[in-house]
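Observations on chain architecture
Listed here are the chains, written in short residue letters.
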Amino acid sequence: MRGLIAIFFAALTVGCATKTGTDGPVNIGPDLYMIGGLGGTFDHSGSALKAKFFQQAQQFCASKGQTMIPVNSTHKDAGMEYSSAEVQFRCIDSAASKN
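Since we're looking at a predicted model, the values are computed, not measured.

Along the backbone of the chain there are three helices and four strands. Along the chain direction, N to C, the helices and strands of the chain fall in the order α-β-β-α-β-β-α. Here the chain holds 99 residues, and 25% of them are scored as buried. A fraction of 58% describes how many contacts in the chain between residues 6 or more apart in sequence connect residues 24 or more apart.

Given below as structure tokens:
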């Protein structure tokens, strides 16, 4: 009986995990990247998920010594399905972003 209870709670924990994002930014064109994915059980706001993806985009560009420039984004709040979001962005040289 204890084994069944342990398996139940392990499955419940895995089911509640956030499913956010891909394995990182995906190059979708010349100097154009995308991050997208689904939220988890408790991620109801698509716009909050989109904000997380933009933070990841900024960190990605900063790791390259560049500045993130948003290009396009979409989101969908949770309803009958998980929330979802996608962001598209460019990384540009920091000096170019100041002009």
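There is more to say, and it comes next.
Residues Y33, I35, L49, F53, F54, A57, C61, M68, A85, V87, F89 and C91 constitute the largest nonpolar core, which totals twelve residues. The element contributing the most residues to this core is helix 2 (residues 46-63), with five residues. With residues up to four places along the chain from it excluded, the contact list for Y33 reads P25, V26, N27, I28, F60, K64, V87, Q88, F89 and C91.

For the chain, the average pLDDT comes to 82, and 74% of its residues sit at 70 or higher. In this model residues 4-18 is a low-confidence stretch, pLDDT under 50, and it forms seven contacts with partners more than four residues away in sequence or in other chains.

Here we take up the pairing of strand 1 (residues 26-29). In terms of strand pairing, strand 1 meets strand 2 (residues 32-38) through three bridges, oriented antiparallel. Bridging from a neighbouring strand, G29 pairs with L32 of strand 2. Counting the residues that bridge the hairpin from strand 1 to strand 2 gives two residues, and of these D31 lies at a positive phi of roughly 55 degrees.

A word on the state of the cysteines. Between two cysteines, a covalent bond joining their sulfur atoms is known as a disulfide. Tallying each qualifying case throughout the model produces one disulfide. One disulfide bridge connects C61 with C91, the sulfur atoms lying 2.0 Å from each other. Disulfide C61-C91: torsion about the S-S bond near -75 degrees, hence left-handed. With a gap of 30 residues between them, C61 in helix 2 and C91 in strand 4 (residues 84-93) connect regions that are remote in the sequence. C91 sits in the buried class, given a relative accessible area of 1%.

The rules behind the values
- Residues numbered from 1 in each chain as written.
- Predicted model: local features only at pLDDT ≥ 70, side-chain atom pairs only at ≥ 80, totals over all residues.
- Heavy atoms only, no water.
- Helix = DSSP H or I, 4+ residues; strand = E, 2+ residues; numbered from the N terminus.
- Buried < 20%, exposed > 50% of the residue type's maximum accessible area, 1.4 Å probe, protein only.
- Contact = heavy atoms within 4.5 Å.
- Core = buried A, V, L, I, M, F, W, Y, C linked by side-chain atoms within 4.5 Å.
- pLDDT = per-residue confidence, 0-100.
- Pairing = 2+ DSSP bridges.
- Disulfide = S-S within 2.5 Å.

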